[in-house]
Amino acid sequence: MREAFELAREAAARGDEPFGSVLVHDDTVVMTDSNREITESDIRRHPELHLAYRACREYDPDERAEMVMYTSTEPCPMCAGGMATAGFGRVVYSVGSDEIATFTRSEPSVRSAEILDGVSEVVGPVLNDEGREIHQDYG
């Protein structure tokens, strides 16, 4: 999770929103990514969605079912949909989408656990204070 936090900080320093994700298979980090939505002018460049895309190209369904994605913030509905297609075994997040809605003064989105129900186990919040600090520093 702390590697996802570092990726989120890198995204913020680059001018993107502070989101970072790490994909793990057999206790080994196999992919990492950070948000690039602003710097690449691409609304799809959330780290969770991009890692799901890459994993579908590079790993078979059985391998993806054994993977865990650690992500600094609970995946949005778009990312959760991509992750459902990828079929990761578990998703672990630090800051919930309900908390992000409070930070941004917006309405909460559909929770990732609803979208990933029956596909991926969703665990969180984990290391919540540390994850919240990244968003507080950004805002």
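In this text, all values refer to a predicted model and were calculated from it rather than measured experimentally.

**Student:** Whenever I open this one, the overall build of the protein chain confuses me. Can you help?
**Tutor:** Looking only at helices and strands, one finds seven helices and five strands in the protein chain. Along the protein chain, from the amino end to the carboxyl end, the secondary structure elements read α-β-β-α-α-β-α-β-α-α-β-α. Computed over the C-alpha atoms, the radius of gyration of the protein chain is 14 Å, within 12% of the 14 Å expected from 2.2 N^0.38 for a compact globule of 139 residues. Each principal axis of the C-alpha atoms in the protein chain carries an extent, and together these give about 40 × 30 × 25 Å. Going through the 139 residues of the protein chain one by one, you find that 45% of them count as buried. Look at the contacts in the protein chain between residues 6 or more apart in sequence, and 59% of them connect residues 24 or more apart. With an accessible surface of roughly 7,100 Å², the protein chain has 46% of that area assigned to carbon and sulfur atoms. If the 13 positive side-chain charges of the protein chain are averaged to one point and the 28 negative ones to another, these points end up 4 Å apart.

**Student:** Mind showing me how you'd approach the pairing of strand E2 (residues 28-34) here?
**Tutor:** Across a regular strand the side chains alternate sides, sitting on one face of the sheet and then on the other. Sheet analysis places strand E1 (residues 20-25) next to E2, joined by six bridges and oriented antiparallel. Along E2, the bridge assignment pairs Leu23 with Met31.

**Student:** Explain helix H1 (residues 2-14) to me, please; I cannot follow it from the model alone.
**Tutor:** Since the α-helix turns once every 3.6 residues, residues separated by three or four places project in the same direction. For H1, with 13 residues, the first-to-last C-alpha span of 18 Å sits near the 18 Å given by 1.5 Å per residue. Those residues of H1 lying buried are Ala4, Phe5, Leu7, Ala8 and Ala11. For H1, the arc enclosing every buried residue in end-on projection is 160°, short of the 170-degree limit, so these residues lie on one face. Among the exposed residues of H1, those oriented more than 90 degrees off its buried face are Arg2 and Ala13.

**Student:** Help me understand the sheet that holds E1 in this model?
**Tutor:** Within a sheet, neighbouring strands are paired by backbone hydrogen bonds and run either parallel or antiparallel to one another. With mixed pairing, five strands are arranged side by side in an open sheet as E2-E1-E3-E4-E5. Here the strands that pair on one side only, and so sit at the sheet edges, are E2 and strand E5 (121-123). Between one strand and the next, the sheet's axes are offset by a mean angle of 20°, whatever the strand orientation. In terms of strand pairing, strand E4 (residues 90-95) meets E5 through three bridges, oriented parallel. The residue bridging Arg90 from the neighbouring strand is Glu121, located in E5. Contacts from helix H2 (residues 47-58) reach E1, E2 and strand E3 (68-73), with the element oriented near 135° to E2. Running over the sheet, helix H5 (residues 97-104) touches E3 and E4 and is turned about 30° from E4.

**Student:** Quick question: what am I supposed to make of unusual backbone geometry here?
**Tutor:** Glycine aside, a negative phi is what most residues show, and trans is what most peptide bonds show. That bond from Gly124 to Pro125 is cis: its omega, 5°, falls within 30 degrees of zero. With respect to the element layout, Pro125 can be found in the loop between E5 and helix H7 (128-138). Unusually for a residue other than glycine, Asp26 sits at a positive phi of about 55°. Position of Asp26 relative to the elements: it lies in the loop between E1 and E2. With a relative accessible area of 57%, Asp26 lands in the exposed category. Despite not being glycine, Asp27 shows a phi value in the positive range, around 60°. Inspection of the secondary structure puts Asp27 in the loop between E1 and E2.

Thresholds, definitions, all that
Residues numbered from 1 in each chain as written. Predicted model: local features only at pLDDT ≥ 70, side-chain atom pairs only at ≥ 80, totals over all residues. Heavy atoms only, no water. Helix = DSSP H or I, 4+ residues; strand = E, 2+ residues; numbered from the N terminus. Rg over C-alpha atoms; globule rule 2.2 N^0.38 Å. Buried < 20%, exposed > 50% of the residue type's maximum accessible area, 1.4 Å probe, protein only. Contact = heavy atoms within 4.5 Å. Areas by Shrake-Rupley, 256 points an atom, 1.4 Å probe, with all protein chains shown as cover. Lys, Arg positive; Asp, Glu negative; His and termini not counted. Charge placed at Lys NZ, Arg CZ, Asp CG, Glu CD. Pairing = 2+ DSSP bridges. Expected span 1.5 Å × (residues − 1). Arc of directions from axis to C-beta. Axes fitted to C-alpha atoms, helices over the stretch in contact; angles between N-to-C directions.

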